[in-house]
Amino acid sequence: MYNVGQAGLTYWSPNVNILRDPRWGRSQETPGEDPLVVSTYATSYVKGLQDVAGQGNENRLKVAACCKHYTAYDLDKWKAVDRFHFNAEVSQQDLDETYNVPFKACITEANVASVMCSYNQVNGKPTCADPDLLGKTIRGQWNLSGYIVSDCDSVDVLFKYQRYTKRPEDAAALTIKAGLDLNCGSFLARYTEAAVRQGKLNERDVNTALTNTIKVQMRLGMFDGDPSLQQSFGLLGPANVCTKAHQKLALEAAQQGIVLLQNLGKSLPLSASCRPTVAVIGPNANATVTMIGNYAGVPCGYISPLQGIGNYVNTTYAQGCTNVACSGKQDQLFLAAEAAAQRADATILVMGLDQSIEAEGRDRTVLLLPGRQQELISRVGKASRGPAILVLMSGGPIDISFAQNIDANVAAILWAGYPGQAGGAAIADVLFGKVNPGGKLPMTWYPQSYVDKVPMTNMAMRPNSSTDYPGRTYRFYEGAAVYWFGDGLSYTNFEHTLVGAPTTLQVPISNLRAFKNSTSSSNAIRVAHTKCEGLSLRVHVDISNTGSRDGSHTLLLFNTPPVHKQAPKKHLVGFKKVHLVAGSRGGVMMDVDVCKHLSIVDEFGIRRVVMGKHTLHIGDDGLKHVVSLQTSLEGMKPL
């Protein structure tokens, strides 16, 4: 598209903010609440955009990616608080352990071309004007080889709305000196020259910012002449877009992303033999644009759920609600939906959210289904002659605890996210068993009671008993959940067997002072004082498909550190997907980096490896293994 003048080569994507709060309107853009998952997604995404494998120049870029929004950014517009005025009060512990982890991975593991600073302030400073966050951390500690860009009009926001500086020239000077290279918007174009003339900024700072941006343009080949004469990507054009391979990939991505949350009495998969009649009901039943969420390209074409299901069986369609808001008088639509369910062999309710409920600039205040959706589901479930299946489209979690009650007459529940252009086909493939669902939830689904008492503005991850604050995400949250991070069922059964893992591991200490500082009360060694290179433990697990269907399974490996006041309940240290035919067994090897994945971050932001017994949770069937970490003095350097 660049070659024919329809696009650029810099993409301000991916969004790698941790999904801290279930109400965030942009949750649909992120890969979830776990730092390891988000970091792995981030590095894979960046490498996919930028990769020029085989081109003989590792500095060359295919497309320049951008990890955003740095940092502690996950509030858009909640009640009276908006992102342009919000000051995120965040501990150094939470910054280093949670919020900054994916951004560090983007730079140190994927060599991303750019990072975008966010609108909000962090601890009283706008992120785009904070030299500690930009120059010291991104550029200094993590060694970014690229440019730092503001979110659109962020510099104008810190001047106009946050009133962080008295004059616009001060804002221009402050941000550039802090490490900002590029302004999305016109603010720096209007005020930078005046800032230089007034002596608030010198040309050397401007030249540095220009150099950082022009280097990326050079790596993209933008000064290499006619693109059609270049050997690598110059001959690509519209014929290379929407190919059969691309459309197949869109379908596979949607299939893999569907999560089976409930399947009472093995109601799914449905049978398509004899062409039964299925009632397809709900405001998202015939969805098209809704399926691609936000920040999507132009789709090759849409397959709605109604169309996808219609490719398997005869269908009757009832909208049920005029839209996802489902408010006001819907009585005639409800009656039509009930009548359709009474006549059908099975009923599929496609419900949930869309951009009118959750979006950029639009956070939710409740987690319940909008309007009268719950009433529609219950009424149709009661009226349905066959099993009633609930399919949810949403980016964020929904409190559907009512549907877990057998009295609601909901036999099975699928979460499809916003599944993209082929979403309807993927949903149908799962419903009728062509595809065995293997997706896992990337975030915890909280009850409505959680958000009733937890303000979205509280950035703390850990619970606080003195304020009755329950904490956030599966790592720290101490309350009940509708569903947990990592939940997801299959049409078959998987069993795990531990084949091998060490019971003890020696952790070499770098010097005697580090050993003496590891007091018996904490027994937690600074990672900086540990010989981390090559320090890992290998876990070998056999996975058996003991059911009657082929299926894909993602093995999740969690760790619970020894008792320590800073430790999470558990945290993910590895994951790997395998596909197994029915009755077969496969082995999975996972190498766990001790310093990276078995460490915690203390209240001062210092990463430490806790000595003692670590409990590994293997899979979802209760298998555990204990590994004892012990300090080793072998080869230790003298003071």
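Attention here is on the structure that accompanies the text. (Residues numbered from 1 in each chain as written. Predicted model: local features only at pLDDT ≥ 70, side-chain atom pairs only at ≥ 80, totals over all residues. Heavy atoms only, no water.)

1. Concerning the packing of aromatic side chains
Put simply, the rule is: By convention, a stacked pair of Phe, Tyr or Trp rings (six-membered ring in the case of Trp) has centres within 6.5 Å and planes under 30 degrees apart, an edge-to-face pair has planes over 60 apart, and any other such pair is tilted. Counting from the N terminus, the helices are the DSSP runs of H or I reaching at least four residues and the strands are the DSSP runs of E reaching at least two. A simple rule labels every residue: compare its accessible area, found with a 1.4 Å probe on the protein chains alone, to the largest value its type can have, and call it buried under 20%, exposed over 50%, or partly exposed in between. Only when the NZ of Lys or the CZ of Arg is both within 6 Å of the ring centre and within 35 degrees of the ring normal is a charge said to sit over the ring.
All chains considered together, the criterion is met by 18 aromatic pairs. A ring pair is formed by Phe485 and Phe558, whose centres lie 6.4 Å apart and whose planes are at 85 degrees; its orientation type is edge-to-face. Residue Phe485 is found in the loop between α15 (473-476) and β15 (494-500), and its partner Phe558 is found in strand β19 (residues 551-560); the two are separated by 73 residues along the sequence. Grouping residues by exposure puts Phe485 and Phe558 together as buried. One aromatic cluster in this structure is built from Tyr446, Tyr450, Tyr477 and Trp484. Residue placement shows Arg372 over the ring face of Phe334; its charged tip is 4.6 Å from the ring centre. Positioned above the aromatic ring of Phe558, the side-chain terminus of Lys570 is 4.1 Å from the ring centre.

2. Quick word on the sheet that holds strand β22 (residues 599-601)
Rule in force here: The rule for pairing is simple: two strands pair if DSSP sees at least two bridges between them. Here, axes are lines fitted to C-alpha atoms. For helices the fit covers the stretch in contact, and angles between N-to-C directions go from 0 to 180 degrees.
The sheet built from 3 strands is open, its strands ordered β17-β23-β22 with antiparallel pairing. Either end of the sheet is taken by a strand with one partner, and the two such strands are β17 (524-526) and β22. Averaged over neighbouring strand pairs, the angle between their axes works out to 40 degrees when direction is ignored. As paired strands, β22 and strand β23 (residues 607-610) are joined by 3 bridges and run antiparallel to one another. Across the sheet, the residue bridging to Ile600 is Arg608, located in β23.

3. Thoughts on helix α11 (residues 331-343)
What counts, and what does not: Under the convention used throughout, the expected extent of a helix is 1.5 Å for every residue step, that is, one less than its residue count. Arc definition: directions from the helix axis to the C-beta atoms. Here a residue-residue contact requires only that any non-hydrogen atoms of the pair lie within 4.5 Å.
The end-to-end C-alpha distance of α11 is 19 Å, a good match for the 18 Å that 13 residues give at a rise of 1.5 Å each. Buried within α11 are the following residues: Phe334, Ala337, Glu338, Ala340 and Ala341. Axial view of α11: buried residues confined to an arc of 160 degrees, hence all on one face. Opposite the packed face of α11, turned more than 90 degrees from it, sit the exposed residues Gln332 and Arg343. Where α11 is buried, its residues contact β10 (277-281), β11 (314-318), β12 (346-352) and α12 (373-383).

4. Structural notes on the nonpolar core
Counted only if it meets this: Working definition of a nonpolar core: buried Ala, Val, Leu, Ile, Met, Phe, Trp, Tyr and Cys residues. They are joined through side-chain atoms within 4.5 Å.
In terms of nonpolar packing, the biggest core is built from 122 residues, with Leu392, Ile400, Leu431 and Trp445 touching the most fellow members. If near-sequence neighbours (up to four positions away) are discounted, Ile400 is found in contact with Leu369, Leu392, Ile413, Trp445, Val482 and Tyr483. Membership of the second largest hydrophobic core comes to 28 residues, among which are Val539, Val592, Cys595 and Leu629.

5. Structural notes on the side chain of Asn263
The condition that has to hold: We call two N or O atoms a polar contact when they sit within 3.5 Å, provided that within protein one can donate a hydrogen and the other can accept it, with sequence-adjacent residues counted only if both atoms are side-chain atoms.
By secondary structure assignment, the location of Asn263 is in strand β9 (residues 259-263). One polar contact links the side chain of Asn263 to the main-chain amide nitrogen of Ser267, over a distance of 3.0 Å. The contacts of Asn263, once residues within four sequence positions are left out, are Leu268, Ala411, Ala412, Leu489 and Tyr491.

6. Things to note about helix α8 (residues 203-219)
Here α8 is 17 residues long and its end C-alpha atoms lie 24 Å apart, about the 24 Å a rise of 1.5 Å per residue gives. Listed in full, the buried residues belonging to α8 are Ala209, Asn212, Thr213, Val216 and Arg219. Each buried residue of α8 sits inside an arc of 130 degrees when the element is viewed along its axis, so together they form one side. Opposite the buried face of α8, by more than 90 degrees, sit the exposed residues Glu203, Arg204 and Met218. Put simply, Asn202 is the residue that caps the front of α8, since its side-chain oxygen is 3.1 Å from the backbone nitrogen of Arg204.

7. As for the side chain of Asn183
Considering the arrangement of structural elements, one finds Asn183 in the loop between α6 (168-178) and α7 (187-197). Among the residues examined, Asn183 registers a relative accessible area of 10% and is labelled buried. In terms of polar contacts, Asn183 uses its side chain to reach the backbone amide nitrogen of Leu188, at 3.1 Å. Setting aside residues no more than four positions away along its own chain, Asn183 makes contact with Ser150, Val155 and Leu188.

8. Considerations on the pattern of salt bridges
To be explicit about the condition: Whenever Lys or Arg places a side-chain nitrogen within 4 Å of a carboxyl oxygen from Asp or Glu, that contact is recorded as a salt bridge.
Counted under the stated rule, the structure contains 26 salt bridges. One salt bridge in this structure joins Arg26 and Glu29, with 2.8 Å as the shortest N-O distance. Taken as a pair, Arg26 and Glu29 share a single burial class, namely buried. Its salt-bridge partner being Glu375, residue Arg379 comes within 3.3 Å of it at the nearest N-O pair. Pair noted here: Arg379 and Glu375 are both in helix α12, with a separation of 4 residues, about one helical turn. Exposure remark for Arg379: the relative accessible area of 25% places this residue in the partly exposed category. Taking relative accessible area as the criterion, Glu375 reaches 32% and is therefore assigned partly exposed. The network of salt bridges with shared partners includes Arg26, Glu29, Asp76, Arg83 and Glu360.

9. Side note on the packing of α6 against α7
In plain terms, the rule: Comment on the angle field: the value is read as roughly parallel under 35 degrees, roughly antiparallel over 145, roughly perpendicular from 65 to 115, and oblique elsewhere. Ten residue types, Ala, Val, Leu, Ile, Met, Phe, Trp, Tyr, Cys and Pro, are classed as nonpolar, four, Asp, Glu, Lys and Arg, as charged, and the remainder, Gly among them, as polar.
One way to put it is that α6 packs onto α7 with a least axis distance of 8 Å and a crossing angle of 95 degrees. It follows that α6 is roughly perpendicular to α7 by the angle criterion. In contact with Pro168, Glu169, Ala171, Ala172, Ala173, Thr175 and Ile176 of α6, α7 contributes Phe187, Leu188, Tyr191, Thr192, Ala194 and Ala195. Here the contact of α6 with α7 is built from residues that sort into 10 nonpolar, 2 polar and 1 charged.

Purely geometric stuff here, so don't read any function into it on its own.
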